[in-house]
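Residue-level structure breakdown
Now for the letters of each chain:
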Amino acid sequence: MTTLPPARKLLVLDLDETLIHASEEPLNRTEDFRVGPYWVYRRPHLEAFIDAVTPAFDLAVWTSSGELYARQIIERILPAGGLKFMWSSRRCTTVRDWTDGGYTTIKNLRKLKRRGFALESVIAVDDTPSKYTRSYGNLVTVREYTGDATDVELKLLARYLLTLQHVPNVRTLEKRYWREQMNPSASEG
């Protein structure tokens, strides 16, 4: 009897303030590239992060930004053809914020379930936890990236994500303190 290898987990990555920082005003250093009116800065260690997680996970991008903008960013930071899918703001769900009466958008992972992805094998990485209010068990929250050239978040994150690749159900794990597991001094910064 042949044993099949375990299915790869899906790693859903956010763009803005997670993998890159884009601003209509330049920072005090040279941008990595421009997209429309935005100066764009890759988060430090981005290439090494992608190189580390690509062999272990299927990759996807889900951003709250527009599709044209997202595609232009992706073609500059990710290997061609390396994504299972790219979803933009039109795939986000608008929900009522009952605290202030306004509306907000979330990334509803049930949409992935309807496309055949098992939620216990989906890991979402985002700097905005409120985007995953219905899917906290899938979320690994990163610190917002605003252009700091000394940022090491992706270096730590790659190590942490690799510890999850063979976990049967990622939703059952406590992920809020992932950074401290990888670098106890990280919580001080």
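Residues numbered from 1 in each chain as written. Predicted model: local features only at pLDDT ≥ 70, side-chain atom pairs only at ≥ 80, totals over all residues. Heavy atoms only, no water.

Taking an unreviewed UniProt entry as the reference, the protein is identified by name as HAD family hydrolase belonging to Ideonella lacteola.

1. Points about the pattern of salt bridges
Per the counting criterion, the structure on display carries 10 salt bridges. A salt bridge links Asp151 to Arg43, with the nearest nitrogen and oxygen atoms 2.9 Å apart. Of the two residues, Asp151 sits in the loop between strand 10 (139-141) and helix 4 (153-164) while Arg43 sits in the loop between strand 4 (38-42) and helix 1 (46-53), which places them 108 residues apart along the sequence. Residue class for Asp151 comes out buried when judged on its relative accessible area of 12%. Across the pair Glu67 and Arg90 runs a salt bridge, and its minimum N-O distance is 3.1 Å. Taken as a pair, Glu67 in helix 2 (residues 67-77) and Arg90 in the loop between strand 6 (83-87) and strand 7 (93-96) lie far apart in primary sequence, 23 residues in all. In the salt-bridge network here, residues are joined through shared partners; they are Asp14, Lys107 and Asp126. (Salt bridge = Lys/Arg side-chain N within 4 Å of Asp/Glu carboxyl O. Helix = DSSP H or I, 4+ residues; strand = E, 2+ residues; numbered from the N terminus. Buried < 20%, exposed > 50% of the residue type's maximum accessible area, 1.4 Å probe, protein only.)

2. Section: the sheet that holds strand 9 (residues 122-126)
Pairing in this open sheet of five strands is parallel, and the strands run 6-5-1-9-10 from one edge to the other. With one partner strand each, in any of the chains shown, strand 6 and strand 10 form the two edges of the open sheet. Across this sheet, the average inter-strand angle for adjacent strands is 20 degrees, counted without regard to direction. Against the sheet, helix 2 makes contact with strand 5 (57-62) and strand 6, and its axis sits at roughly 145 degrees relative to strand 6, the strand it touches most. Its contacts with the sheet place helix 4 against strand 1 (9-13), strand 5, strand 9 and strand 10, and it is angled at close to 165 degrees to strand 9. (Pairing = 2+ DSSP bridges. Axes fitted to C-alpha atoms, helices over the stretch in contact; angles between N-to-C directions. Contact = heavy atoms within 4.5 Å.)

3. Structural notes on helix 4
In a regular helix each residue adds 1.5 Å, so 12 residues correspond to 16 Å; helix 4 covers 17 Å between its end C-alpha atoms and thus fits that length. Looking at helix 4, one finds that the buried residues are Glu153, Leu154, Leu156, Leu157, Ala158, Tyr160, Leu161 and Leu164. The inward-facing, buried residues of helix 4 contact strand 1, helix 1, strand 5, strand 9, strand 10 and helix 5 (178-182). (Expected span 1.5 Å × (residues − 1).)

4. A short note on the sheet that holds strand 4
If you walk across this open sheet you meet the three strands as 2-4-3, and the pairing is antiparallel. Edge positions in the open sheet fall to strand 2 (20-23) and strand 3 (33-35), since each of these has one partner strand only. Averaged over all pairs of adjacent strands, the angle between their axes in this sheet comes to 30 degrees, without regard to strand direction. Inspection of the sheet shows strand 3 paired to strand 4 by three bridges, in the antiparallel sense. Residue pairing in the sheet places Arg34 in a bridge with Trp39 of strand 4. The strands touched by helix 2 within the sheet are strand 2, strand 3 and strand 4, with strand 3 carrying the most contacts at an inclination of about 160 degrees.

5. Some remarks on the packing of helix 1 against helix 4
In contact at an axis separation of 9 Å, helix 1 and helix 4 are set at 10 degrees when each is read in the N-to-C sense. Considering their axes alone, helix 1 and helix 4 lie roughly parallel with respect to each other. Across the interface between the two elements, Leu46, Phe49, Ala52 and Val53 from helix 1 touch Leu154, Leu157, Ala158, Leu161 and Leu162 from helix 4. (Parallel < 35°, antiparallel > 145°, perpendicular 65-115°, else oblique.)

6. Considerations on helix 2
When helix 2 is considered as a whole, its buried residues turn out to be Tyr69, Ala70, Ile73, Ile74 and Ile77. Looking straight down helix 2, one finds that the buried residues subtend no more than 130 degrees of arc, so they occupy a single side. Opposite the buried face of helix 2, at more than 90 degrees from it, the exposed residues are Leu68 and Glu75. If you follow the buried residues of helix 2, they end up packed against strand 2, strand 3, strand 4, helix 1, strand 5 and strand 6. (Arc of directions from axis to C-beta.)

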